[in-house]
Amino acid sequence: MKFNTKTIHGGQKHEEATGSVMPPIFQTSTYAQSSPGKHKGYEYSRAANPTRTALENNFAAIENGTHGFAFSSGLSAIDCVLKMLNPGDEVIAGDDLYGGTYRMFTRMFEKYGLKFQFIDMNSVENVSNSLTKDTKLVWLETPTNPLMKIADIEEISKVVKNKNEDILVAVDNTFATPYLQQPLNLGADIVMHSATKYLGGHSDLVMGALMVKDQKLAEELHFIQFAGGAVAGPMDSFLALRGIKTLHVRMQRHCENGKAVAEYLSNHDKVGEVYYPGFESHPNYTIAKKQMKDFGGMVSFRLKDESQKAAFQFLENTKVFTLAESLGGVESLVNHPVTMTHASIPESERLKIGITDSLIRLSVGIEDVNDLLADLEQALNQ
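The following paragraphs examine the structure supplied in this document. (Residues numbered from 1 in each chain as written. Predicted model: local features only at pLDDT ≥ 70, side-chain atom pairs only at ≥ 80, totals over all residues. Heavy atoms only, no water.)

### Considerations on helix H2 (residues 50-62)
Its 13 residues give H2 an end-to-end C-alpha distance of 19 Å, which sits within 8% of 18 Å, the value for a rise of 1.5 Å per residue. Judged by how many residues are buried, H2 sits mostly within the fold: 11 of 13 residues are covered. Pro 50, Thr 51, Arg 52, Ala 54, Leu 55, Glu 56, Asn 58, Phe 59, Ala 60, Ala 61 and Ile 62 are the residues of H2 that are buried. Contacts from the buried residues of H2 go to helix H1 (3-9), strand E1 (67-71), helix H7 (177-180), strand E7 (208-212), helix H8 (215-228) and helix H9 (234-244). Between the side-chain oxygen at the start of H2 and the backbone nitrogen of Thr 51 there is a gap of 2.8 Å, and the oxygen is on Asn 49. Phi turns positive, to about 55°, at Asn 64, one or two residues after H2. (Helix = DSSP H or I, 4+ residues; strand = E, 2+ residues; numbered from the N terminus. Expected span 1.5 Å × (residues − 1). Buried < 20%, exposed > 50% of the residue type's maximum accessible area, 1.4 Å probe, protein only. Contact = heavy atoms within 4.5 Å. Polar contact = N/O pair within 3.5 Å; in protein donor to acceptor, adjacent residues only side chain to side chain.)

As structure tokens, this is what we get:
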């Protein structure tokens, strides 16, 4: 199947009892057994639930994996990956990460004995030079949150595997979605999504996803998920599966609108630097063009007036763009990383990579683009 068909049919089958086209919401915690240990494939919904199974099969299909896992949040999916490691193991991650990921790495898992290096992954050489005998996981975000950095998934995977094929490469693919890039095809071992965002697409659920190809890796992840219990519920699974069915058409509009917004901002006299991987001036534009089908709907920018007051004035005056956490819904959102998504990162670390008071992140939705541009114009000129 081509991708646009997979979003609708990938891993799916009609429900056997009634022929229902959509999987029913199996709102149950447990399942009848005919004799101890004899059942119809389901025992207890922490281990598996038919609605979640349908979603997980679809997860696997859209990332060209063999196994998918639906978690109660994106962070619980990341937590599952890290629980495969042991005290003394090292994780190499990008220096521009979602604040919740950074918080989990440094404030939770460091105290359990994991070690972390945060490096600029714009350069494959940086990754190669950072690998040590203790490295067990390389964690990529690309594009990154919020500075839209691009990491070369294929080349980094090659460098890592040449060093030690047992080192896992995991990619947070939330910003790009499988519509734009498929990391498993590029050599990664694990793909992670905050399915809360583009996969769900309607700002009505919280969910995480992992997709893999390797059977042994899938078994280990499933055990940790089952033993830890961070599973998605059947109602959220139903909503996510419904959302994915329109992922391809939504992403087409997100990309169109994102490009228009980025170009508008780059020509505005009150706007400084614009972060968007579709600009030829982007440091890793060539890599983005190579590994992505298009450039997505996420755009970050700085105001020339670098004061927090100027940023807050803009943020308080948008009308179509909603000031809110999160991203990836059909509606356009505006975010202030310093006080919102990246507030948990120490100021010294934020400033080191350029997350300043004047930085603003846009999740460009699928509204009429002229309304979006008019809203930015009035907010910038207040």
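After that view of the structure, there is still more to cover.
### Let's talk about the side chain of Thr 101
The topology assignment puts Thr 101 in helix H4 (residues 99-109). Taking the relative accessible area as the measure of exposure, Thr 101 reaches 0% and is therefore buried. Once residues lying within four places of it in the same chain are set aside, the contact partners of Thr 101 are Leu 75, Ile 78, Trp 139 and Glu 141.

### Things to note about the packing of helix H10 (residues 247-266) against helix H14 (residues 369-380)
A pair of packed helices is characterised by two quantities: the angle between their axes and the separation of those axes. Where H10 contacts H14, the axes come no closer than 10 Å and their chain directions differ by 30°. With respect to their mutual orientation, H10 and H14 come out roughly parallel. Every pair of crossing elements has a handedness; the one defined by H10 and H14 is right-handed. Counting all contacts with H10, which are made through Asn 257, Ala 260, Val 261, Tyr 264 and Leu 265, the residues of H14 involved are Val 369, Leu 372, Leu 373, Leu 376, Glu 377 and Leu 380. Looking at side-chain class alone, the contact of H10 with H14 contains nine nonpolar, one polar and one charged residues. (Axes fitted to C-alpha atoms, helices over the stretch in contact; angles between N-to-C directions. Parallel < 35°, antiparallel > 145°, perpendicular 65-115°, else oblique. Left-handed = near helix turned anticlockwise from the far one by under 90°. Nonpolar A, V, L, I, M, F, W, Y, C, P; charged D, E, K, R; others polar.)

### Observations regarding the packing of H2 against H9
In contact at an axis separation of 8 Å, H2 and H9 are set at 35° when each is read in the N-to-C sense. Judged by the sense of rotation from one axis to the other, the crossing of H2 with H9 is left-handed. Along the contact surface, H2 presents Thr 51, Arg 52, Ala 54, Leu 55, Asn 58, Phe 59 and Ile 62, while H9 presents Pro 234, Ser 237, Phe 238, Ala 240, Leu 241 and Ile 244.

### So, the packing of aromatic side chains
The tally for this structure, following the rule as stated, stands at 11 aromatic pairs. Plain terms: the ring middles of Phe 105 and Phe 116 are 4.8 Å apart, the flat faces sit at 15° to each other, and that makes the pair stacked. Taken together, the positions of Phe 105 in helix H4 and Phe 116 in strand E3 (residues 115-119) put the pair 11 residues apart, joining distant regions of the chain. Relative to Phe 118, the ring of Phe 116 has its centre 6.2 Å away and its plane inclined at 10°; by these criteria the two rings are stacked. When its relative accessible area of 28% is taken as the criterion, Phe 118 is described as partly exposed. The rings of Tyr 102, Phe 105, Phe 116, Phe 118 and Trp 139 are connected pair by pair, giving a single aromatic cluster. Looking at Arg 46, its charged tip hangs above the ring of Phe 226, at a distance of 4.8 Å from the centre. (Phe/Tyr/Trp six-rings, centres within 6.5 Å; stacked < 30°, edge-to-face > 60°. Lys NZ or Arg CZ within 6 Å of the ring centre and 35° of its normal.)

### Describing the pattern of salt bridges
Applying the stated rule across the entire model yields 13 salt bridges. A salt bridge links Glu 16 to Lys 13; its shortest N-O distance comes to 3.7 Å. Of the two residues, Glu 16 and Lys 13, neither departs from the other in class, the shared state being exposed. Of the charged contacts, one joins Asp 134 and Lys 133 as a salt bridge, the two residues approaching to 3.3 Å between their closest N and O atoms. A single network of salt bridges, built from pairs that share partners, joins Asp 95, Asp 120 and Lys 149. (Salt bridge = Lys/Arg side-chain N within 4 Å of Asp/Glu carboxyl O.)

### Structural notes on the sheet that holds strand E9 (residues 298-303)
Strand order in the open sheet formed by five strands is E8-E9-E12-E11-E10, and the pairing between neighbours is mixed. Each edge of the sheet is formed by a strand with only one pairing partner; in this case those strands are strand E8 (271-275) and strand E10 (322-323). Relative to E9, E8 is paired through three bridges, and the arrangement is antiparallel. Along E9, the bridge assignment pairs Val 271 with Leu 303. With respect to the sheet, helix H12 (residues 308-317) is in contact with E9, E10, strand E11 (333-335) and strand E12 (359-363), its orientation differing from that of E9 by roughly 135°. (Pairing = 2+ DSSP bridges.)

### Here's the deal with the pairing of E12
Burial analysis of E12 places five of its five residues in the buried class, the great majority of the element. Across five bridges, E9 lies against E12 in antiparallel orientation. Its bridge partner lying in E12, Val 299 is registered against Leu 362. The sheet contact formed by E11 and E12 spans three bridges and is antiparallel. Pairing of Leu 333 across the sheet is with Ser 363, part of E12.

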